[in-house]
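Overview (structure and organization)
In case you want the letters, here they are:
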Amino acid sequence: MTTIAETWGVHESQFWLRDEFPADPVRFDPEAGMWHVYGHAEALKTLSDPKVFSSDTTRLIPEEMAPDKDQFVEGNLLQMDPPDHKKLRTLVSHAFTPKVVADLEPRIAALTNELLDAVDGTDSMELVTHLAYPLPVIVIAELLGIPASDRDLFKEWVDKLLRNSQQRSLLKQTEEDKKAAEETREQVNNLVSYLSEHVDDRRRNPREDLLTKLVQAEVDGEKLTQNEVVNFANVLLLAGHITTTMLLGNTVLCLDSHPDEYRRVREDRSLLPATIEESLRFLSPFALVARATTTEVDLGGRAIPADSMLFVWVAAANRDPRTFTDPGIFDPARAHNPHLAFGRGIHFCIGAPLARLEGKTALNILLDRFPDLRTDPAAPPSFIPSPNMTGVNELRLLLKP
Ligand code: HEM
């Protein structure tokens, strides 16, 4: 059977997309000086034990490779360990209660309809430009309280960031690595200075938005620092949209490549949530999370020393034949789907309910309005260039029979 990777030419390095699974679920890469975790059970173990597998990975990055690394870590939930992680996570969970998310549904539906009005009556659309990028970015910008009309600015910065998110060695730095690190720093600075201005404004002019809540919030009687507020807002802005953009594009691509499943879900929309979960497993947007060992540990039969960098490939774990029956088959009806696309444990994606709601609402409307929706054979999709992500960059769709 031809896989989506073979049909469309997704990243060479993402072997799991070609139905290959390594004999060794945990592997050391001597060139890069880091470990790779591919197995589901092994990935689960790393995500479930933050004492041994710390999220504070920056301490393992040599100072000369990232001179101002600490500036961006403060307040970055993704890189925090207990007990600090728990404090910030509890605070922010108040902003993402199930009710706050459920109440967004009418706004998500209205935005989807507005965005699709722009292509109604035409023969084709480019999914990312017309829907999959603007929808989640407008939703997260409105939640944070920053102007959604600045989204072309964020897109420019984020696209440049993604271009440079390759795997880099911890042992040696090439000229190319240095240039990429410099560009990454520049783009993060752009995002951080932009958000800083809005945070300053919210200190003076509080509003009903998430930035104001973060500025006013107290953890154990203490307010968050400027760096904490800004870096946290940055994580939300980044994580809040690129991944959901990928989810929307990937799900359309999965359905387009599987006509029987496509027909079933078109006729019975109650199948949409399970279809989205299977798309998350089958083409996991965020392929990788990183951890740092705090002590020597046995994983998958390998003894990993303390202070080792681990790349936990959740996308590969989601294709582990020891956990998933026929992992290379896109099957929304599979009985057991414990995928790790949103992570697991204390860092489980805080935005998962929002991403699922955006996916369900937008895809439902897309299928309602364009019953003949399909890929354009004359314009194959392109993918985000980062090997750490799986998501379409461009997906041209035909709208008419
Ligand atoms: C954490 C994936 C959407 C905000 C994570 C993690 C994964 C992930 C794998 C765990 C990282 C780790 O363990 O190190 C995804 C995917 C999404 C998505 C695949 C969409 C399909 C969102 C959205 C938001 C968001 C919409 C915000 C509105 C976050 C935050 C964390 C996180 C703040 C850090 C949580 C913590 O460290 O406690 N996400 N995410 N994500 N995600 Fe998402």
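Structure report, in brief. Keep in mind that what you see is a predicted model, and the values were worked out from it rather than measured. (Residues numbered from 1 in each chain as written. Predicted model: local features only at pLDDT ≥ 70, side-chain atom pairs only at ≥ 80, totals over all residues. Heavy atoms only, no water.)

**Concerning the coordination of the iron atom of the ligand**
For the iron atom of the ligand, the protein supplies a single donor, C349 (SG), at a distance of 2.3 Å. Structurally, C349 can be placed in the loop between α15 (314-317) and α16 (352-369). (Donors = N, O, S within 2.8 Å, 3.2 Å for Na, K, Ca; no water. Helix = DSSP H or I, 4+ residues; strand = E, 2+ residues; numbered from the N terminus.)

**Examining the packing of aromatic side chains**
Applying the stated criterion across every chain, the model contains 9 aromatic pairs. Residues W157 and Y194 carry aromatic rings whose centres are separated by 5.8 Å and whose planes lie at 65 degrees to one another, so their mutual orientation is edge-to-face. In this pair, W157 is assigned in helix α8 (residues 151-163) and Y194 in helix α9 (residues 175-204), connecting sequence segments 37 residues apart. Like Y194, W157 is buried. Here F311 and W313 contribute two aromatic rings whose centre-to-centre distance is 6.3 Å and whose plane-to-plane angle is 75 degrees, an arrangement assigned as edge-to-face. (Phe/Tyr/Trp six-rings, centres within 6.5 Å; stacked < 30°, edge-to-face > 60°. Buried < 20%, exposed > 50% of the residue type's maximum accessible area, 1.4 Å probe, protein only.)

**Focus on the packing of helix α12 (residues 242-257) against helix α14 (residues 272-282)**
Contact pair α12 / α14: the axes reach a minimum separation of 9 Å and the direction vectors enclose 100 degrees. The angle between α12 and α14 places the two elements in the roughly perpendicular class. Every residue of α14 that contacts α12 at L247, N250, T251, C254 and L255 is listed here: T275, I276, S279, L280 and F282. A breakdown of the residues in the contact of α12 with α14 according to their chemical character gives 6 nonpolar, 4 polar and no charged. (Axes fitted to C-alpha atoms, helices over the stretch in contact; angles between N-to-C directions. Parallel < 35°, antiparallel > 145°, perpendicular 65-115°, else oblique. Contact = heavy atoms within 4.5 Å. Nonpolar A, V, L, I, M, F, W, Y, C, P; charged D, E, K, R; others polar.)

**Focus: the sheet that holds strand β10 (residues 309-312)**
The 5 strands are arranged β1-β2-β10-β7-β3 in an open sheet whose pairing can be described as mixed. Each edge of the open sheet is held by one strand with a lone partner, namely β1 (26-29) and β3 (53-54). Looking at chain direction, strand β7 (residues 289-293) and β10 are connected through 4 bridges and run antiparallel. Bridging from a neighbouring strand, V289 pairs with V312 of β10. (Pairing = 2+ DSSP bridges.)

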